[in-house]
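Architecture at a glance
Okay, here's what each chain looks like letter by letter:
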Amino acid sequence: MPLQRNLSAECPLLDDDGGAPPSCAPQDEGRLLLGRLAEGDAAAFWEVWDLHRDYLFSICLREMGGMRADAEDALSRVMIKARARLPEHAGRVQNLKAWLARLTHNFCVDIHRERRRQTRGVENIEEMADADFMSLAHRIPTPEEMVLEREQRLRLRRLIEDLPPNLCQPFVLHFFQGVPYAEIAARLNLSNDNVRKRIQQARAFLRGRLDDGAAAAAALRPSAPAAPCACDGDAGKSRARARPAAAAASAAPRWEPGEIRSEGAAARLVSVAVEFGGELSFEVFLERAPGGRRVESLEAYVRAPNGGVEKRWQRARLLYERGRWDEAAAALRAMLEGRPRALDAHLLLGDILRETGQEPAARAAYEGALNAATHEASRRHVCGLLSLCGRGYAAAAEGFRAAARLEPRNAAHWNRLGETRLLAGAHEEALRAFDESLRLRPDDVSALTRSSRALLAAGRAREAEERAERAAELDPEGVPALKWLADRYSLAGGAGGDARAERLVSAALLLAPESAEAHESLAVRHVARGEWARGLGVLGAFVERNPRSAAGWLCRARWLARTGDEEAAAESLLKAYELHPASREAAELACELLAAGGEPARLLPLVEEMLARFAECWGVWAAAGRAVLAGAGDVGRACALSAQATRLQPQLPAAWSRHGRLLLLAGRRRDGVAALERAWRLPQEGTCDDRVAAAVGLGEGYRLLGEEARARAWFERAAQVAPALGALSPQLAQYRQGQALEALGDTVGAVQSYRAALDAQLLYPERRDAQRRLRLLRERVGRAAAR
């Protein structure tokens with residue numbers, strides 16, 4: 001029996017506006033929750049969901065043929081859809097359980113339809129509208145077909161935008177948002193028959209235009225980005241605001257041969273198979289914005305003047321942008337055989353090889369770029385890239401600085417400098433470089449996205465959000481910015497944060513359905529809401545489906561550690577390292593696991609190897625010091641490793657703060673206090689956890705030295721500055737406040753702060769300390785009450 005959407009339930013779900021009288025009364029609890037939702041109480045949704053989750057999971061399990069992993073995935077996606085739809089219909093829902101059941105059934109039916117479409121292709125206009133256009137690229141075997149498919153999607157979209165408003169709105173609601181006819185009728189104040197008639201007229205209009213060759217040719221407008229559809233709402237406005245960036249990209253002057261060109265107008269996340277057997281995700285920053293300069297059609301692409309070299313270059317770029325880097329490298333090599341002085345091709349080939357760990361081959365490609373470069377600034381830039389092949393971040397940065405001094409108006413040099421300092425953990429230096437790039441090109445998505453990370457590390461959370469939001473506005477399909485914002489909103493909470501996170505996670509999963517990073521954002525959202533098992537289940541299911549994904553295993557290890565399961569985290573981490581032995585994130589996480597009580601016999605060799613590989617990253621040295629102290633108890637070695645971090649970044653407060661705290665743990669109190677005071681004195685614009693922790697550490701250090709007056713002064717200062725940390729992490733702000741208040745003897749205030757931190761999902765290792773301190777404080781209060 002074919003699958004059918006359940007458009008009529010036994011118990012009608014709507015009031016009189018839906019056209020049917022109520023025949024079964026809702027439960028009292030459901031009515032109260034619906035009332036709260038209708039009044040705008042977003043928290044009521046989670047009570048609704050908790051009330052019906054098990055029942056809805058049983059429906060998903062039945063609809064998915066008993067496959068538990070598929071059922072859990074379906075339930076997560078149903079939750080996102082229910083969270084978006086239920087508040088606006090809460091005032092009209094009569095039977096909450098039946099409404100949710102119908103939504104769940106219909107969504108499962110849609111999943112089955114989607115899977116059938118993936119096996120037989122898109123056959124008609126309805127299925128084209130319902131398909132995930134971004135994921136179609138993963139099934140296209142050649143670059144030429146990619147171009148053709150892209151033109152077909154753009155053509156269909158523009159035809160939909162040309163629909164009269166009275167046809168466009170119901171068509172988009174039904175085919176793109178999955179809204180049933182009855183719900184569209186209620187929303188637009190129309191009859192069901194009228195809605196069906198308008199959608200039929202829209203279909204006929206689109207079929208006629210698609211079959212009309214002349215109209216199809218006119219629909220291809222390559223020189224201008226698509227105009228926002230009148231029924232697109234905020235999304236359409238965002239695309240409209242993105243036009244200046246696209247126009248700027250298309251109007252940029254032509255670059256001379258042998259000169260480094262400036263890229264980074266749009267961003268993508270791609271998965272790439274690498275030579276050691278794993279799969280990694282990479283950010284790809286394109287040289288043009290979506291809707292800007294592009295290949296007009298397959299015919300124009302093939303027949304372009306000088307089509308030989310240009311065609312190979314376009315093919316290589318298309319392959320690169322879609323993550324097929326082995327093929328892109330082959331196309332670039334073929335191009336360079338006939339055009340050995342094509343600087344762009346050498347640079348792109350070198351970037352591909354360096355990112356995938358083929359450093360000797362990358363050096364050869366950059367040497368070719370050095371020979372092709374005719375400008376001195378370009379040569380300095382390429383020298384910086386050569387240094388990056390050996391992770392010589394300081395030498396690389398000097399090369400990019402020299403290039404920027406010679407060509408201060410070329411944003412490419414500033415972007416590379418910022419990227420290099422970000423890799424080394426020098427956030428303030430990275431930020432200055434990105435700021436200079438943005439002064440030259442305010443709408444550079446790559447600089448906006450990357451500088452948001454530097455700003456957050458420097459404790460400037462609000463500015464970081466503003467830049468990431470700007471990047472997402474300019475490039476609504478840019479997964480790196482969407483993911484950054486989704487994780488930020490999930491973990492920071494605040495008014496509307498959860499709802500915004502849900503929208504962004506949904507968008508990231510739609511645009512990059514096979515990326516570990518998008519699934520990590522879904523897991524983060526669950527963890528931030530206290531659903532730790534569900535969040536870890538998302539990542540576990542991902543690595544089960546993608547066992548060769550190094551990024552997937554690393555994400556799983558990271559969140560197993562943050563939720564307190566260090567043993568399982570170590571297993572996942574070693575798997576990630578096996579697939580990707582050149583991961584700095586894996587090195588720092590290995591150190592954290594050791595410091596938290598992981599297995600030294602397995603992880604210490606990994607730490608030593610990572611120190612050699614990332615000798616210029618101060619964070620690795622600082623983390624290694626903590627790991628050696630906790631895992632091996634070697635005080636001298638631990639202090640020496642930590643001191644190296646301060647030598648690499650002598651002007652970075654975070655390096656001195658972490659070194660000072662390690663010295664206190666190692667029993668070197670005077671040295672620890674001196675390091676922490678230096679951390680406090682160094683200039684810093686924002687408030688980050690290292691700064692607040694330095695104040696707490698100074699209080700502890702002076703108390704250990706017997707200088708109680710100084711100790712209380714520092715604890716009071718910590719209590720004053722801790723609330724400012726709330727913009728960065730509300731959980732850490734409450735935890736640090738609790739530490740300061742406890743040290744000052746305010747037991748009640750400390751208990752309240754620790755409770756608030758734990759309730760807000762404070763993560764490990766801080767969570768373990770907060771639980772211990774809270775337990776001791778309660779015991780102290782109990783003993784005092786007993787006396």
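Predicted model only: the values in this text are computed from it and were never measured.

Digging into the pattern of salt bridges
Applying the stated criterion across every chain yields a total of 43 salt bridges. Glu742 is paired through a salt bridge with Arg773; the nearest N and O atoms lie 2.9 Å apart. Residue Glu742 is located in helix 39 (residues 730-743), and its partner Arg773 is located in helix 41 (residues 766-786); the two are separated by 31 residues in the primary sequence. Taking the relative accessible area as the measure of exposure, Glu742 reaches 18% and is therefore buried.

Details of the environment of Arg488
By the secondary structure assignment, Arg488 is in helix 25 (residues 479-492). Sequence separation between Arg488 and Ala464 is 24 residues; the distance between their C-alpha atoms is 9.8 Å. Ignoring any residue separated from it by four or fewer positions in sequence, one finds Arg488 in contact with Leu456, Ala461, Glu465, Gly493, Ala727 and Leu728.

Some details on the packing of aromatic side chains
Applying the stated criterion across every chain, the model contains five aromatic pairs. Look at Trp532 and Tyr764: their rings are 6.3 Å apart centre to centre, the planes differ by 70°, and that puts the pair in the edge-to-face class. You can see Trp532 sitting in helix 28 (residues 532-545) and its partner Tyr764 sitting in the loop between helix 40 (747-759) and helix 41, a full 232 residues away along the chain. Judged by centre distance (5.3 Å) and plane angle (85°), the rings of Trp680 and Trp714 are edge-to-face. One end of the pair, Trp680, is in helix 36 (residues 669-681); the other, Trp714, is in helix 38 (residues 708-721), and 34 residues separate them in sequence. For Trp680, a relative accessible area of 14% translates into the label buried. Positioned over the ring face of Trp680 is Arg691, at 4.0 Å from the centre of the ring.

Some points on the confidence of the model for the chain
Fine structural detail should not be taken from predicted coordinates in areas where pLDDT scores are low. The pLDDT averaged across the chain works out to 79; a share of 78% of its residues lies at or above 70. Note on residues 118-146: pLDDT is under 50 here. Beyond four places in sequence and across chains, it has 52 contacts. Of the regions scoring below 50 in pLDDT, residues 289-306 engages in 43 contacts with residues more than four places distant in sequence or in other chains.

Reading the values: the criteria
Residues numbered from 1 in each chain as written. Predicted model: local features only at pLDDT ≥ 70, side-chain atom pairs only at ≥ 80, totals over all residues. Heavy atoms only, no water. Salt bridge = Lys/Arg side-chain N within 4 Å of Asp/Glu carboxyl O. Helix = DSSP H or I, 4+ residues; strand = E, 2+ residues; numbered from the N terminus. Buried < 20%, exposed > 50% of the residue type's maximum accessible area, 1.4 Å probe, protein only. Contact = heavy atoms within 4.5 Å. Phe/Tyr/Trp six-rings, centres within 6.5 Å; stacked < 30°, edge-to-face > 60°. Lys NZ or Arg CZ within 6 Å of the ring centre and 35° of its normal. pLDDT = per-residue confidence, 0-100.

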